[in-house]
Amino acid sequence: MTAPTADLLDPTSSAYKKARKRHIKTIKNRRENVEADWTPFRAAEKKYKARFPPPDLSHVLDLALADGSRAKEIEMGWWKGRVDAVDVKEIPLKHASGRPGYVFPDLPGLVLLPRFVTDDTQRELVRWALHDHARPPNVNNLDTHYVLPPEGLWNSYISSPDLVIHPVASSSGRSHEIVVAEPAGPRTLISNPPASPASFSSLASEPKPLAAPSTTVLPLSTSALLPKLRWANIGWFYHWGTKQYDFTRGKEPVDPRVRQVCQNAVSAVPWEVVFESDEAEGWGEDEPDWKRWDETYEPDAGIVNFYQTKDTLMAHVDRSEVCATSPLVSISLGNAAVFLIGGLTRDVPPVPILLRSGDVVIMSGPACRRAYHGVPRILENTLPSHLHVTSSDEDWTPYAEYLKSARINVNVRQVFPKGFEPHLENH
Ligand SMILES: O=C(O)CCC(=O)C(=O)O
Ligand SMILES: [Fe+2]
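Residues numbered from 1 in each chain as written. Chains lettered and ligands numbered in written order. Predicted model: local features only at pLDDT ≥ 70, side-chain atom pairs only at ≥ 80, totals over all residues. Heavy atoms only, no water.

What follows deals with the pairing of strand β16 (residues 360–363). Of the two faces of β16, the one carrying Val360 and Ile362 and the one carrying Val361 and Met363 are both buried. Inspection of the sheet shows strand β13 (residues 328–334) paired to β16 by 4 bridges, in the antiparallel sense. From the neighbouring strand, Ile331 faces β16, where its bridge partner is Val360. (Buried < 20%, exposed > 50% of the residue type's maximum accessible area, 1.4 Å probe, protein only. Helix = DSSP H or I, 4+ residues; strand = E, 2+ residues; numbered from the N terminus. Pairing = 2+ DSSP bridges.)

Take a look at the structure:
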């Protein structure tokens, strides 16, 4: 359990003293000058990951501070950035909420929609993620290693928190078919060739062997396993070994509730304003495709990320989608996080953005869709009150309990142009 932030900020507390001791020990063991080898992205990750001293968020953009209705939420958990930390431009949205969106002159195609998702829809999406989505036929990170119940880990946990779930490796002979190991823990940095219409068929026919189950994981109760749920696939199946989609497995439908939020977000943005000063480089041969997103945007893949407060997501580029410019819509739920987004290499210093529950980030266009980004920090104790336990809705209680130490990110992409179906020989 992490010590509460308030304690860590108090030099007389035992939590502070313990963290300081641990910090001094880490520093002592560090090779001299190691920091000189860090790319600007790595340096920023280290800064925001640090448990001691707790990171200073005065350079982190926090647009909730521009919204009076979020004052209570901001006071929660001590963490707060600054409304003017980064150069942003406010843009009007085409929808009725009255809230603005924001664009970043230094990163065309990045759009931030603070509190775009209503409190009710946030709760609905949390229920969807845990109750409806993280179960077969969708794949999650634990499937390779554990024999999960058919009703999904969440539903099994609700009915039987003490039920023991067994590892795959000890319970079947599946392992002889298996060649490539999938990381059991956090996502790793495998560099993959970017997908494109030209490389699509060769990447699609590359073998996608099943991952090997861990031989060291132990049987665990559903309640002990739940915090280890890290991701669940949406739509086309993503193959972690090759970092490519496995189109031979077909695709699951994108849930209508998720699709609707994404469609609403994309159609609320005045794209001509977002890309007005863009040099139109990297859009391909035809006219920039943002001009037709109203008709052509159709999400067909993605991932739900489940983070515990200690989890991070390393710098990466999402480049497996054939559509390399189409909007990627990223919805934040639960505790807040520091999100870093830089440029085409890790040498571009990233912009730090504080994402709170209900915020939507859109990454679109050739520069932003291929930009390095990551999540070095989940900010503990930042759960807004509309996600707390409430006596008026008892069904919500287990979700609220789960969220106390979690953040959920629904990350939705478009792999193919609308209506395109890949025709594969081995399909
Ligand atoms: O959690 C987030 O905000 C970002 C997740 C992400 O970048 C991804 O799933 O590729
Ligand atoms: Fe990503």
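Still more to cover.
Time to look at the environment of Ala96. Mapped onto the elements of the fold, Ala96 is located in the loop between β1 (89–91) and β2 (101–103). By relative accessible area, Ala96 is classed as exposed at 81%. Separated by 289 residues in sequence, Ala96 and Ser385 place their C-alpha atoms 24 Å apart.

Bringing the sheet that holds β13 into the picture now. Reading across the sheet, the 8 strands line up as β1-β2-β3-β16-β13-β18-β11-β8 and stay open at both edges, with antiparallel pairing between neighbours. Edge strands, defined here as strands with exactly one partner in the open sheet, are β1 and β8 (231–235). Taking the axes of each pair of neighbouring strands and ignoring which way they run, one obtains an average angle of 20 degrees across the sheet. Alignment of β1 against β2, held across 3 bridges, turns out to be antiparallel. Note on β2: the bridge partner recorded for Lys89 is Val103. With respect to the sheet, helix α5 (residues 119–133) is in contact with β8, β11 (301–308), β13 and β18 (406–413), its orientation differing from that of β11 by roughly 95 degrees. Against the sheet, helix α9 (residues 256–268) touches β3 (110–113), β13, β16 and β18, its axis set at about 115 degrees to β13. (Axes fitted to C-alpha atoms, helices over the stretch in contact; angles between N-to-C directions. Contact = heavy atoms within 4.5 Å.)

What follows is about the nonpolar core. Ranked by internal contacts, the top residues of the largest apolar core, which has 57 residues, are Trp271, Phe306, Ile408 and Val410. Sort the elements by how many residues they give to this core and α9 lands first, with 6 residues. Contacts of Trp271, omitting those with residues within four sequence positions, involve Val111, Val266, Trp290, Trp293, Pro327, Ile362 and Ser364. Judged by nonpolar contacts, the second largest core, of 22 residues, contains Tyr102, Leu110, Leu112 and Met363. (Core = buried A, V, L, I, M, F, W, Y, C linked by side-chain atoms within 4.5 Å.)

Here we take up the coordination of the iron ion (ligand 2). At this site the iron ion (ligand 2) is bound by His316 (NE2), Asp318 (OD) and His373 (NE2), with donor distances of 2.0 to 2.2 Å. Expressed as a motif, the donor residue spacing for the iron ion (ligand 2) is H-x1-D-x54-H. With His316 in strand β12 (residues 313–316) and His373 in strand β17 (residues 373–379), this pair connects stretches of sequence that are 57 residues apart. Residue His316 shares its accessibility class with His373, and that shared class is buried. (Donors = N, O, S within 2.8 Å, 3.2 Å for Na, K, Ca; no water.)

As a further point, take the sheet that holds β12. Strand order in the open sheet formed by 4 strands is β12-β17-β14-β15, and the pairing between neighbours is antiparallel. Edge strands, defined here as strands with exactly one partner in the open sheet, are β12 and β15 (351–355). Pairwise comparison of adjacent strand axes, ignoring direction, gives a mean angle of 20 degrees for this sheet. For β12 and β17, the ladder comprises 2 bridges, and the chain directions are antiparallel. Residue His316 lies in a different strand from β17, and its bridge partner there is His373. Sheet strands in contact with helix α3 (residues 40–49) are β12, β14 (336–341), β15 and β17, and its direction is about 10 degrees off that of β17.

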